[in-house]
Amino acid sequence: MKKYLLPLLVLLTHSLQAQEPAKKEEPKPVIAASQSVNPVITKHQTTINGQTFSYTATTGYMTLKDESGKAKANIFTLPIQKTE
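Residues numbered from 1 in each chain as written. Predicted model: local features only at pLDDT ≥ 70, side-chain atom pairs only at ≥ 80, totals over all residues. Heavy atoms only, no water.

Colleague: Looking at this structure, I do not really get the overall build of the protein. What am I missing?
Modeller: Of regular secondary structure, the protein possesses 1 helix and 4 strands. Residue burial in the protein is summarised as follows: out of 84 residues, 6% are buried. In the protein, the proportion of contacts linking residues at least 24 apart, taken out of those at least 6 apart, comes to 28%. Element-wise, carbon and sulfur atoms account for 58% of the exposed surface of the protein, whose accessible area totals about 8100 Å². (Helix = DSSP H or I, 4+ residues; strand = E, 2+ residues; numbered from the N terminus. Buried < 20%, exposed > 50% of the residue type's maximum accessible area, 1.4 Å probe, protein only. Contact = heavy atoms within 4.5 Å. Areas by Shrake-Rupley, 256 points an atom, 1.4 Å probe, with all protein chains shown as cover.)

Written out as C-alpha cells, the structure is:
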C-alpha cells in the first residue's frame, strides 16, 4: 500500500498544477446600449371573473446615460394600458 502512495501523490500534485485558473468573462449585452430598438405594440383581451378587459402592451427600452451623455445601459420596459 505504501509503495502506491508516493506515485499517487505525485500524480495528484502534477494534475493540480496543470490546471489554469478559470477566466472570468464579462457577459455580452443582448442589445448594445447605443443601439436603437423600435417598440413593439400588441393588443390583447382577457376575461376575469366573467368580465372582459381589453389592454395594450408596449415593449421597449429606456436608455441610461452617464454624466457625459454616453449610453451606458438599456432597461427593458413593458407598460400595460387598459383600453376601452
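Continuing now.
Colleague: How should the side chain of T56 be read in this particular structure?
Modeller: With respect to the helices and strands, the residue T56 is situated in strand β2 (residues 51–65). Accessibility expressed as a relative area gives 10% for T56, which makes it buried. Among all residues touching T56, those that are not within four sequence positions of it are I41, T42, K43, P79, I80, Q81 and T83.

Colleague: What is the right way to read the pairing of β2 from this model?
Modeller: Regular strands have side chains that alternate between both faces of the sheet. Looking at chain direction, strand β1 (residues 40–48) and β2 are connected through 9 bridges and run antiparallel. Opposite H44, over in β2, you have Y55 as the bridge partner. Following β1, the chain reverses through 2 residues before pairing antiparallel with β2; N49 in that reversal takes a positive phi of roughly 50°. In this sheet, strand β3 (residues 71–77) lies alongside β2 in antiparallel orientation, the contact comprising 6 bridges. Note that in β3 the partner of G60 across the bridge is T77. (Pairing = 2+ DSSP bridges.)

Colleague: I'm lost on the packing of aromatic side chains in this one. Help?
Modeller: To describe a pair of aromatic rings, one takes the distance between the centres and the angle between the planes. This structure, assessed with the given rule, holds 1 aromatic pair. Between Y61 and F76, the aromatic rings sit 5.6 Å apart at their centres with planes inclined by 70°, giving edge-to-face as the arrangement. Taken as a pair, Y61 in strand β2 and F76 in strand β3 lie far apart in primary sequence, 15 residues in all. The partly exposed category is assigned to Y61, whose relative accessible area is 36%. (Phe/Tyr/Trp six-rings, centres within 6.5 Å; stacked < 30°, edge-to-face > 60°.)

Colleague: Before we go on, may I ask you to explain unusual backbone geometry in this structure?
Modeller: Excluding glycine, most residues fall at negative phi; most peptide bonds, likewise, are trans. The phi dihedral of N49 falls on the positive side, at around 50°, and the residue is not glycine. Among the structural elements, N49 can be located in the loop between β1 and β2. For N49, a relative accessible area of 82% corresponds to the exposed category.

Colleague: Would you mind going over the confidence of the model for the protein with me for this structure?
Modeller: The predicted coordinates of low-pLDDT regions are not to be read in fine detail. Residues of the protein with pLDDT of at least 70 account for 65%, and the chain-wide mean is 80. At the level of individual helices and strands, the protein shows its lowest average pLDDT in helix α1 (residues 2–18), which scores 61, and its highest in β1, which scores 95. (pLDDT = per-residue confidence, 0-100.)

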